[in-house]
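An overview of the molecular structure
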Amino acid sequence: MLAGAGASGELSRMPSSLMTRQVERHVGDVRLTGRILYLVDDPALVRSQLAGTDLDWTPAIRLRDNISTDEITPAYICYYFDETLGDFPYLGLKAGSEFPITRGSVRAGGFVASVAGKRRGKGSSREQSPYAEMCAGIRLVVGESIERIYRENCQNLGVLATTDTSVLERVKRGEPIPLAVFTQGEGRITRDIIEFGGLFNYNVARLQNRVSVPACTTAPRPMTIAEKVFARHWVTDAAQGRMGVPAVRPGDEGFFQTDIRFSHEYVTPMAAIFFDQLVGPDEPLKDPSSIFFFRDHLTFLDQAMRPEHVEMGLLDVAAQLEKKQREFAAAKGVKLYGQLEKRLNLTGALASAGSEAICHSKILEAHALPGQIIIGSDSHTPHAGAVGCVAFGVGTTAVFNSWITKDVRAQVPPSFKVVVRGAKPERVTAKDFMLQILRHPYVKDGHAIGQIIEYAGEAVEALSVDERATMTNMAAEVGAFTGIIAPDARTVNYLVAQRGMSRTDAERLCEGLASDPGAEYVKVIEIDADTLRPMIALPGDPGNGLFIDELPGPVRIDIAYAGSCTAGKKEDMDMYARVFREGLERGQRVAAGVQCWIQCGSREVFEYCRQQGYDHVFADVGATFIEPSCGACINAGPGVSRKPTDVTISAINRNFPGRSGPGQLYLASPYTVAASALAGRITAWEPEGAPASV
Ligand code: SF4
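**Let's talk about the side chain of threonine 648**
- Its location among the elements puts threonine 648 in strand E27 (residues 647-650).
- In this structure, threonine 648 is in contact with Ile559, Ser641, Gln664, Leu665 and Tyr666, ignoring residues within four places of it in sequence.

Here's what the structure looks like:
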């Protein structure tokens, strides 16, 4: 089926620069001219390559395995968002115990290809990594194995990626290489994207009606809720803006019309540069009313940046992220949830201020509706699945392309179901459900990666939408494509109370959004809520779950952090306040030597706390109540640890090494974080009147 039908309808609303833009499909050979950089374990061999000596590589020379995107472009490098990134690829690469790659050395080396070992590009989905490689001259990345998102980001940018090391001999000899080497085994759309040199060129060809998109031919079948949402949004005619097919099945690959697209300051500026350069600074975005930008990750950065990075001028570089996003939003008419005004603190200095809202918090509070497709520039985009959306994270190029097309490429993933049966004990929360799910072997061993996790069962149905969002948010830690919960009467109540929607409208939105009997799941996991007890995740990984009463001994804490998108919702604040109020009645305050921070997900939650009088409770108990922002959750605000021996109990969603400073980070529920702050050690909350058990 062709993807368009002439210059009418949607096509006529394409940016004019794209209607005449020349893009070509390449199906023959590619010739890659330049040197090959082998990323090896031996730092001396890395240095000699950078100095100009070609390495005569043999399998006896160990390639570096597990090169993460953090090593390719460390987080502080991602404050850059233009071609300057080409100065920095592999700056965090550890070879032996050294970091042999310095600023500019890869670009100066004249390399066209770089070679690594297994699991190249693991970790964060940041597209800055392949973009930095591309800007340094690398056109081919080779790995013994390559991580899925990194490979997809390469394809979207037009960087060739392969696990076939035999191409290296041809590069050395300067021989042409058939493009088929890089497209074999790929689906039709991916193959076309590679042949057009990236997602943008492919989309231009698609919207010019010069490339056909495979039709969805799946016959009607029982579907999961997520599959139903995908089927409703399948783009059947991009040029005319038509969508909807009777059914989809896992593996179907197509484009899906989005309802909401959002991005934050780490991603918007780079996507904006792509737009300005490739589409044109004066061209409009498609339907800007359904695009949202957020200044949420770095508003408190000045309180957390390491002195050596301040000396490098990185605070000023990071400030450009805010400026570029703000200016682009104003130019394109996009709603920006921005940074709050800085205020004078008690010493008369300008204090850093927070954000209007963390992206996920505000999307759920104010925008997401049942049955929508939402894409965001962040792995925790599944948060909005709490009201029955298919919400998932995408890379920079996909964000930028969605500004032009309003759709997104995806392959329908398989679904697996987690059924939480029974009734949970009062002191057990959605966070405890998640820590239990994350230590399940199916999840822990990586079988859930890329799948859709559908939560169901009486204990899930009994949760509020806020608590459901904790579960869908942490689909990211599961490694899932997204998480979703079927909308029900609680969802309707939420939409009526939170959005002021009429009950009739809310009910209509939820109609038909349930999985069919006979829908296929690759796995069903059952959990008995009655048997659960408060949990923690030991430092290092959210999958290190343990019942608190199984800790071998007391764990003293230095920091208690209560916030983030996961745990900065109204109901989370209810939980912190309840524990603290009970503590105050017993004469308790935050334990001596413990710093306790409370940080809301949005100004709306902040105001809710004031209305409830929680701000006084937090002050009376000795906790510090700060403006909304990602802050400590991304190692960029109050509540970060300062030294390896610091111990933190935190309500955030992940505790990978370094996530919130160099210390030991334990994950727990809001109840546990507050109870531990009072006790000065990790402890579970005991509801008033209940027998002590921990
Ligand atoms: S609060 Fe943490 S997890 Fe949530 S969006 Fe911000 S950095 Fe990401």
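**Regarding empty space enclosed by the protein**
- Inspection of every chain in the model, using the stated rule, returns 2 cavities of 30 Å³ or more.
- Looking at the second largest cavity, its volume works out to about 40 Å³.
- Together, Val235, Ala238, Gly241, Gln257, Lys286, Thr405 and Asp407 line the second largest cavity.

**Observations concerning the sheet that holds strand E21 (residues 524-528)**
- Strand order across the open sheet formed by 4 strands is E20-E19-E18-E21, with parallel pairing between neighbours. Every interior strand has two partners, whereas the edge strands, strand E20 (482-485) and E21, have only one. On average, each strand axis in the sheet is inclined to that of its neighbour by 20°, with strand direction left out of account.
- Bridge count between strand E18 (residues 415-421) and strand E19 (residues 452-456): 5 bridges; the pairing is parallel. Bridging across to E19, serine 415 finds its partner in isoleucine 452.

**Looking at the nonpolar core**
- By size, the foremost hydrophobic cluster in this structure holds 124 residues, and its most contacted members are Tyr79, Phe230 and Phe392.
- Not counting the four nearest positions on each side in its chain, phenylalanine 230 is found in contact with Val248, Phe256, Ile373, Val390, Phe392, Ala410, Val412, Pro413, Ile452 and Phe481.
- Counting 45 residues, the second-largest nonpolar core is a separate cluster that includes Phe606, Val617, Val647 and Leu678.

**Here's the deal with the environment of phenylalanine 328**
- Checked against the element boundaries, phenylalanine 328 lands in helix H14 (residues 314-332).
- Of the residues examined, phenylalanine 328 reaches a relative accessible area of 4% and is grouped as buried.
- In this structure, the C-alpha to C-alpha distance between phenylalanine 328 and threonine 268, residues 60 residues apart in sequence, is 8.6 Å.
- Once residues within four sequence positions are removed from consideration, phenylalanine 328 is found in contact with Ala272, Phe275, Asp276, Leu285, Phe293 and Trp403.

**Here's the deal with the packing of aromatic side chains**
- Summed over all chains, the structure comprises 28 aromatic pairs.
- Here the aromatic rings of phenylalanine 196 and tyrosine 202 are separated by 6.4 Å at their centres, their planes lie at 70°, and the arrangement is edge-to-face. Here phenylalanine 196 matches tyrosine 202 in class, with each residue buried.
- In this structure an aromatic cluster arises from ring pairing among Tyr131, Phe200, Phe274, Phe275, Phe293, Phe328, Phe400 and Trp403.

**Description of the confidence of the model for the chain**
- In this model, the chain carries a mean pLDDT of 93, and residues with pLDDT of at least 70 account for 96%.
- Between residues 1-9, whose pLDDT stays under 50, and residues either more than four places distant or in other chains, the model counts 27 contacts.

**Side note on the sheet that holds strand E23 (residues 545-547)**
- Spatial ordering of the open sheet is given by E23-E22-E28-E27-E24-E25-E26, a layout of 7 strands whose pairing is mixed. The open sheet has two edge strands, E23 and strand E26 (624-626), and neither has a second partner. On average, each strand axis in the sheet is inclined to that of its neighbour by 25°, with strand direction left out of account.
- Looking at chain direction, strand E22 (residues 535-537) and strand E28 (residues 664-668) are connected through 2 bridges and run antiparallel. Its bridge partner lying in E28, alanine 537 is registered against leucine 667.

**Examining the environment of glutamate 83**
- Looking at where glutamate 83 falls in the secondary structure, it is placed in the loop between helix H3 (69-72) and helix H4 (105-108).
- For the pair formed by glutamate 83 and glutamine 128, sequence separation is 45 residues and the distance between their alpha carbons is 10.0 Å.
- Excluding anything up to four places from it in sequence, glutamate 83 contacts Arg107, Tyr131, Cys135 and Gln277.

**A few points about the pairing of strand E25 (residues 595-599)**
- Summarising burial for E25: 4 of the 5 residues are buried, a large majority.
- Relative to E25, strand E24 (residues 559-562) runs parallel, the two being bridged by 4 bridges. Following the sheet pairing, alanine 562 is matched in E25 by isoleucine 598.
- Inspection of the sheet shows E25 paired to E26 by 3 bridges, in the parallel sense.

**Section: the layout of surface pockets**
- One number sums up the size of the second largest pocket: a volume of about 340 Å³.
- For the lining of the second largest pocket, the leading source of residues is helix H6 (residues 148-157), giving 4 residues.
- Taken together, the residues that form the lining of the second largest pocket break down as 11 nonpolar, 5 polar and 3 charged.

Definitions and cut-offs
- Residues numbered from 1 in each chain as written.
- Predicted model: local features only at pLDDT ≥ 70, side-chain atom pairs only at ≥ 80, totals over all residues.
- Heavy atoms only, no water.
- Helix = DSSP H or I, 4+ residues; strand = E, 2+ residues; numbered from the N terminus.
- Contact = heavy atoms within 4.5 Å.
- 1 Å grid on protein atoms, 1.4 Å probe; cavity = no way out; pocket = protein on both sides within 12 Å on 5 of 7 lines; lining within 4 Å.
- Points joined across faces, edges and corners; volume = space filled by probe spheres on them.
- Pairing = 2+ DSSP bridges.
- Axes fitted to C-alpha atoms, helices over the stretch in contact; angles between N-to-C directions.
- Core = buried A, V, L, I, M, F, W, Y, C linked by side-chain atoms within 4.5 Å.
- Buried < 20%, exposed > 50% of the residue type's maximum accessible area, 1.4 Å probe, protein only.
- Phe/Tyr/Trp six-rings, centres within 6.5 Å; stacked < 30°, edge-to-face > 60°.
- pLDDT = per-residue confidence, 0-100.
- Nonpolar A, V, L, I, M, F, W, Y, C, P; charged D, E, K, R; others polar.

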